[in-house]
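Residue-level listing of the chains:
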Amino acid sequence: MKTGIHPNTQKARIQCGCGATYEVLSTRKQINVEICANCHPFYTGSRTMRIEAGSRIDRFKKKYGR
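The structure displayed is predicted, hence computed values, not measured ones.

(A) The arrangement of the pattern of salt bridges in detail. Considering all chains together, one arrives at one salt bridge under this definition. Residues arginine 13 and glutamate 23 are paired through a salt bridge, measuring 3.2 Å at the closest nitrogen-oxygen approach. Within this pair, whereas arginine 13 is found in strand β1 (residues 10-16), its partner glutamate 23 is found in strand β2 (residues 21-26), the two being separated by 10 residues in sequence.

Put into structure tokens, the structure is as follows:
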């Protein structure tokens, strides 16, 4: 690698809106984020999934009576 062309990395603290903090390497010292893996609904499982009443075929049969 060439010397002098890469930015300096340092330990950085990522702070989420929920209060979780992480230590990573970055070119910045402090990074603030709104959502992280601790509070994101996809990772926590708190997202309510829509359950369909039936399949496409069932809906077609109900609509057209076939």
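So that's the structure; there's more coming.
(B) Quick peek at the pairing of β1. Both β1 and β2 contribute to a ladder of six bridges, which runs antiparallel. Following the sheet pairing, alanine 12 is matched in β2 by valine 24. Turn length for the β1-β2 hairpin, with the two strands adjacent in sequence and antiparallel, is four residues, and the turn residue glycine 19 shows positive phi of about 110 degrees.

(C) Structural view of the sheet that holds strand β3 (residues 30-33). The strand order across the open sheet formed by three strands is β2-β1-β3, and the pairing between neighbours is mixed. Strand pairing shows two members of the sheet lacking a second neighbour, β2 and β3, which therefore form its edges. Pairwise comparison of adjacent strand axes, ignoring direction, gives a mean angle of 30 degrees for this sheet.

(D) Spotlight on the state of the cysteines. Scanning the entire structure with this criterion turns up zero disulfides. Unpaired in this structure, cysteine 18 has its nearest cysteine sulfur neighbour in cysteine 16, at a distance of 3.6 Å. Since its relative accessible area comes to 44%, cysteine 18 is described here as partly exposed. With no disulfide of its own, cysteine 36 lies 3.5 Å from the sulfur of cysteine 16, the closest cysteine sulfur.

(E) Structural detail: the side chain of serine 26. Secondary-structure assignment places serine 26 in strand β2. At 3.2 Å, the side chain of serine 26 and the backbone nitrogen of arginine 28 are in polar contact. Other than its neighbours up to four places away in sequence, serine 26 contacts Asn8, Thr9, Gln10, Ala12 and Ile31.

(F) A look at the packing of aromatic side chains. Within the structure shown, the criterion is met by one aromatic pair. Seen from their ring centres, phenylalanine 60 and tyrosine 64 are 4.9 Å apart, and the 50 degrees between their planes marks the pair as tilted. Of this pair, phenylalanine 60 and tyrosine 64 both sit in helix α2 (residues 56-64), four residues apart, roughly one helical turn.

What counts and how
Residues numbered from 1 in each chain as written. Predicted model: local features only at pLDDT ≥ 70, side-chain atom pairs only at ≥ 80, totals over all residues. Heavy atoms only, no water. Salt bridge = Lys/Arg side-chain N within 4 Å of Asp/Glu carboxyl O. Helix = DSSP H or I, 4+ residues; strand = E, 2+ residues; numbered from the N terminus. Pairing = 2+ DSSP bridges. Axes fitted to C-alpha atoms, helices over the stretch in contact; angles between N-to-C directions. Disulfide = S-S within 2.5 Å. Buried < 20%, exposed > 50% of the residue type's maximum accessible area, 1.4 Å probe, protein only. Polar contact = N/O pair within 3.5 Å; in protein donor to acceptor, adjacent residues only side chain to side chain. Contact = heavy atoms within 4.5 Å. Phe/Tyr/Trp six-rings, centres within 6.5 Å; stacked < 30°, edge-to-face > 60°.

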